[in-house]
Amino acid sequence: MKLSKWMLLTAVLLTAALCLTGCMNSGNRVDTAAPSPSVGATGNTGDVGDSSDTNQSGLAGDAGTGSATPFNWVNNAAQVETAINQISEISDSRVVVTGTTALVAVRYTDAYQGETTERIREMVAGAVREADPTIQTVAVTSEEADVTAVYELSDRIRAGENADDMADEINRIVRNPTTLR
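Please read all numbers here as calculations on a predicted model, not as lab measurements.

1. Focus on the sheet that holds strand E2 (residues 101-108)
Okay, so step 1: If you walk across this open sheet you meet the 3 strands as E1-E2-E3, and the pairing is mixed. Edge positions in the sheet fall to strand E1 (90-98) and strand E3 (137-141), since each has one partner strand and no second. This sheet shows a mean twist of 20° between the axes of neighbouring strands, independent of strand direction.
Okay, so step 2: When E2 meets E3, the two strands line up parallel, connected through 5 bridges. Bridge pairing links Val104 to Val140 in E3.
Okay, so step 3: The strands touched by helix H3 (residues 118-131) within the sheet are E1, E2 and E3, with E3 carrying the most contacts at an inclination of about 130°.

2. Digging into the confidence of the model for the chain
Okay, so step 1: When pLDDT is averaged along the chain, the result is 77, and 70% of the positions lie at 70 or above.
Okay, so step 2: Segment residues 60-66 is flagged for pLDDT under 50; beyond a separation of four residues in sequence, or across chains, it makes 19 contacts in the model.

3. Brief notes about the environment of Tyr108
Okay, so step 1: Locating Tyr108 in the fold gives a position in strand E2.
Okay, so step 2: Distance in space between the C-alpha atoms of Tyr108 and Ser88 is 8.8 Å, their sequence separation being 20 residues.
Okay, so step 3: If we skip the residues at most four places from it in the chain, Tyr108 touches Glu89, Ile90, Ser91, Glu115, Thr116, Ile120 and Ser142.
Okay, so step 4: At a separation of 2.6 Å, a polar atom in the side chain of Tyr108 contacts the side chain of Thr116.

Cut-offs applied
Residues numbered from 1 in each chain as written. Predicted model: local features only at pLDDT ≥ 70, side-chain atom pairs only at ≥ 80, totals over all residues. Heavy atoms only, no water. Pairing = 2+ DSSP bridges. Helix = DSSP H or I, 4+ residues; strand = E, 2+ residues; numbered from the N terminus. Axes fitted to C-alpha atoms, helices over the stretch in contact; angles between N-to-C directions. Contact = heavy atoms within 4.5 Å. pLDDT = per-residue confidence, 0-100. Polar contact = N/O pair within 3.5 Å; in protein donor to acceptor, adjacent residues only side chain to side chain.

Structure below.
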């Protein structure tokens, strides 16, 4: 009788330990959803179900695979922005890249009353680095003046200007004390 109580207690403890090991480190995972096809994706640029030129997060090209093909930020930044916008606190974002530095401007949802935290920065950085593993620095800003400047820089890049010509402007915002790096 005493032996069966110990066996039952041991079985319960082993089961509980196995269940808990499955939960470990789940807080450190960055899960990003695939961009929705209704958010500006066309052709082979991330349509859901289109596996011809997308990775598991729906980002185009060889993003996140570590291959030698460089990520084309001019043509594919919108897909990364869509992935960033899947973060529950963020309503809209823009990404500009020069060299190995990405600057991300975020606008929060009306429901989110906080500011940019390290957790949010890490989730944003995860989405950026999944698309382009060569990015070494990801800076995130939600300061309205900087956000407006990043949106203007992004519009200029989308209109055909070279992002490397704007490196000084981008780096000025990256160095701001309110920008999380």
